[in-house]
Amino acid sequence: MMKAKILVVEDEIIVASDIKNCLERSGYTVPAVVLYGEQAIEKVAEYQPDLVLMDIMLKGDINGVEAAQEIIKRFKIPVVYLTAHCDTNILQKAKNTQPFGYIIKPFAENQLITTIEIALSKYQAEIVMREALEKEKENRNIESYFVSMVSHEFRNPLSNIFNYTELLTNNSCQLNEDKQKEYIYQIQNAVKHLDDLLSDVLLIGRAEIGRDSFNPSPLDLEIFCQNLVSEIQLAVSNDYKIIFSMQGLCTIPDNINNVQSSQLLTKKYKLPGLDKKLLRHILTNLITNAIKYSPQGSTIRFDLFCVQGEAIFRIQDEGIGIPEADQENLFSSFHRGSNVGKIPGHGLGLAIVKHYVNLHGGEIAYASKVGRGTTFIVSLPFQNN
């Protein structure tokens, strides 16, 4: 393991030479020995050492404490002071810089090395603690934002349910049957929206804490996709047309590396392993999104390609497209395109899709142009069970 780089700042040449030799015997690197505080700051910027060994009393315009203050402020590099007898005022200023140690001159070699080892260990522990605190702060900010957005998303449908229920309760005698049905329909829609939102929030929550599991099993992709298309087509009736096509062989030969085209009929094949539950969510979300953001009567194209041990799914629509300014945050939770208008949604679907694609070790890409539609391409590697 490479030892640390230590910059030595000492204006007594003989003492500085002894320190350099001592450090190098112990395996440390000494990139430079400097005599003045101004030089120390310049050399720290140049060499980026792991620790500075700083004499408190230096000749020149600034002393060691002032140089250390600047180094700590600008570079966040730990400082260990070298000190003989000096006045109380300077020692107090030295303490205020929160150094990682003191070495009293004259000193023994083992004292020098031990103090440096302790200082470096303390500094590493401080870095770990600082990073942990930053991560905790980041997580708290994310959690706060998430709670805020969820609360906002829940508020609208809950308000609709309350308002329509109040209208039905207080005005039931004045409302005709058609109006009552309309209000009940609006309540049902709001409840469905809440149910969908709650399901997606729970899925995102599981993803955030890493509880989602990946369970691949043999899957006949052609039949799986055909059944999924039939289900979605039935739900949208004739308002949209979904066209499914497949190219390639969605199976894995027993010896995938050595199979020859002339052996296709004699080789044994098995179905690729993919997580059926996660794949269903990925494709359902992308196809229903294609429908949701396309005008009635549109055609949705759903293609499956199996190439070199990989399943590639392509979903193309003729919809409103995604503005370029929104594409950077496309897979962020609660982000929706600026052109969606009153089209319902809560901006969690694609974040979940991206997470499920990642669990497969796959990739998701897209191309979109406003007013001309969007294409999503999902590539998932076969799991050779």
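Residues numbered from 1 in each chain as written. Predicted model: local features only at pLDDT ≥ 70, side-chain atom pairs only at ≥ 80, totals over all residues. Heavy atoms only, no water.

Here the focus is the overall build of the protein. In terms of regular secondary structure, the protein is built from 10 helices and 14 strands. Burial analysis of the protein (385 residues in total) assigns 39% to the buried set. For the protein, restricting intrachain contacts to residue pairs at least 6 apart in sequence, the fraction spanning at least 24 positions comes to 65%. Accessible area for the protein stands at about 22,300 Å²; split by element, carbon and sulfur atoms hold 51% of it. (Helix = DSSP H or I, 4+ residues; strand = E, 2+ residues; numbered from the N terminus. Buried < 20%, exposed > 50% of the residue type's maximum accessible area, 1.4 Å probe, protein only. Contact = heavy atoms within 4.5 Å. Areas by Shrake-Rupley, 256 points an atom, 1.4 Å probe, with all protein chains shown as cover.)

This part covers unusual backbone geometry. Here Lys 76, not a glycine, exhibits a phi torsion of approximately 55 degrees, which is positive. Even without glycine at this site, Gln 308 takes up a positive phi of about 50 degrees. Inspection of the secondary structure puts Gln 308 in the loop between β11 (299-306) and β12 (310-316). Judged by relative accessible area, which is 80%, Gln 308 ranks as exposed.

Going residue by residue along strand β1 (residues 6-9), you find Ile 6 and Val 8 tucked away on one face and Leu 7 and Val 9 tucked away on the opposite face as well. Looking at chain direction, β1 and strand β3 (residues 51-55) are connected through 4 bridges and run parallel. Among the inter-strand pairings, Leu 7 is bridged to a residue of β3, identified as Val 52. Looking at chain direction, β1 and strand β2 (residues 33-34) are connected through 2 bridges and run parallel. By the bridge assignment, Val 9 is partnered in β2 with Val 34. Following the backbone out of β1, through helix α1 (residues 13-25) and into the adjacent parallel β2, one traces a crossover that is right-handed. (Pairing = 2+ DSSP bridges. Right-handed = clockwise from strand over helix to strand, strands pointing away.)

A few words now on the state of the cysteines. Think of a disulfide as a covalent bridge from one cysteine sulfur atom to another cysteine sulfur atom. Summed over the entire model, instances satisfying the criterion amount to 1 disulfide. The disulfide that involves Cys 250 links it to Cys 306, with 1.6 Å between the sulfurs. Between Cys 250 and Cys 306, the S-S torsion sits near 75 degrees, and that sign places the bridge as right-handed. Of this pair, Cys 250 sits in the loop between β7 (241-248) and β8 (252-253) while Cys 306 sits in strand β11, and the two are 56 residues apart along the sequence. Taken as a pair, Cys 250 and Cys 306 share a single burial class, namely buried. Cys 225 takes part in no disulfide bond, and the closest cysteine sulfur to it belongs to Cys 250, at a distance of 7.8 Å. What makes Cys 225 buried here is its relative accessible area of 0%. (Disulfide = S-S within 2.5 Å.)

On to the packing of helix α7 (residues 221-236) against helix α8 (residues 276-292), then. Two elements in contact, α7 and α8, have axes whose closest approach is 11 Å; the angle formed by their N-to-C orientations is 40 degrees. Taken together, the axis directions place α7 and α8 in an arrangement best described as oblique. When you trace α7 past α8, the crossing you get is right-handed. Between α7, through Leu 221, Phe 224, Cys 225, Leu 228, Glu 231, Ile 232 and Val 236, and α8, the contact on the second element is made entirely by Lys 276, Leu 279, Arg 280, Leu 283, Thr 284, Ile 287 and Ile 291. In the contact of α7 with α8, the residues fall into 10 nonpolar, 1 polar and 3 charged. (Axes fitted to C-alpha atoms, helices over the stretch in contact; angles between N-to-C directions. Parallel < 35°, antiparallel > 145°, perpendicular 65-115°, else oblique. Left-handed = near helix turned anticlockwise from the far one by under 90°. Nonpolar A, V, L, I, M, F, W, Y, C, P; charged D, E, K, R; others polar.)

Let us now look at the sheet that holds β3. Pairing within the open sheet is parallel, and its 5 strands lie in the order β2-β1-β3-β4-β5. Among the strands making up the open sheet, the edge pair consists of β2 and β5 (102-104).

When you tally the buried positions in strand β4 (residues 79-83), you get 5 out of 5 residues, the bulk of the element. Judged by which residues are buried, β4 turns out to be covered on both faces: Val 79, Tyr 81 and Thr 83 on one side and Val 80 and Leu 82 on the other are all buried. For β3 and β4, the ladder comprises 4 bridges, and the chain directions are parallel. What sits directly across from Leu 53, in β4, is Val 80. Since β3 and β4 lie parallel, the crossover through helix α3 (residues 64-75) that links them has a hand, and here it is right-handed. Where β4 meets β5, 3 bridges bridge the pair, whose relative direction is parallel.

On to the pattern of salt bridges, then. Between side chains of opposite charge, pairing is possible as soon as their charged atoms come close. Under the definition given, this model contains 10 salt bridges. The closest approach of N and O atoms between Lys 105 and Glu 10, which form a salt bridge, is 3.0 Å. Of this pair, Lys 105 sits in the loop between β5 and α5 (109-170) while Glu 10 sits in the loop between β1 and α1, and the two are 95 residues apart along the sequence. Note on Lys 105: relative accessible area 17%, which makes it buried. (Salt bridge = Lys/Arg side-chain N within 4 Å of Asp/Glu carboxyl O.)

To continue, consider the packing of aromatic side chains. Scanning all chains against the criterion turns up 5 aromatic pairs. Relative to Phe 302, the ring of Phe 244 has its centre 5.2 Å away and its plane inclined at 50 degrees; by these criteria the two rings are tilted. Here Phe 244 is found in strand β7, whereas its partner Phe 302 is found in strand β11, with 58 residues between them in sequence. The exposure class of Phe 302 is buried, given its relative accessible area of 0%. Both rings, one in Phe 331 and one in Tyr 366, keep their centres 6.0 Å apart while their planes meet at 65 degrees; by these two values the pair is edge-to-face. Residue Phe 331 is found in the loop between α9 (324-327) and α10 (349-359), and its partner Tyr 366 is found in strand β13 (residues 363-369); the two are separated by 35 residues along the sequence. Residue Phe 331 is classed as partly exposed on the basis of its relative accessible area, which comes to 22%. (Phe/Tyr/Trp six-rings, centres within 6.5 Å; stacked < 30°, edge-to-face > 60°.)

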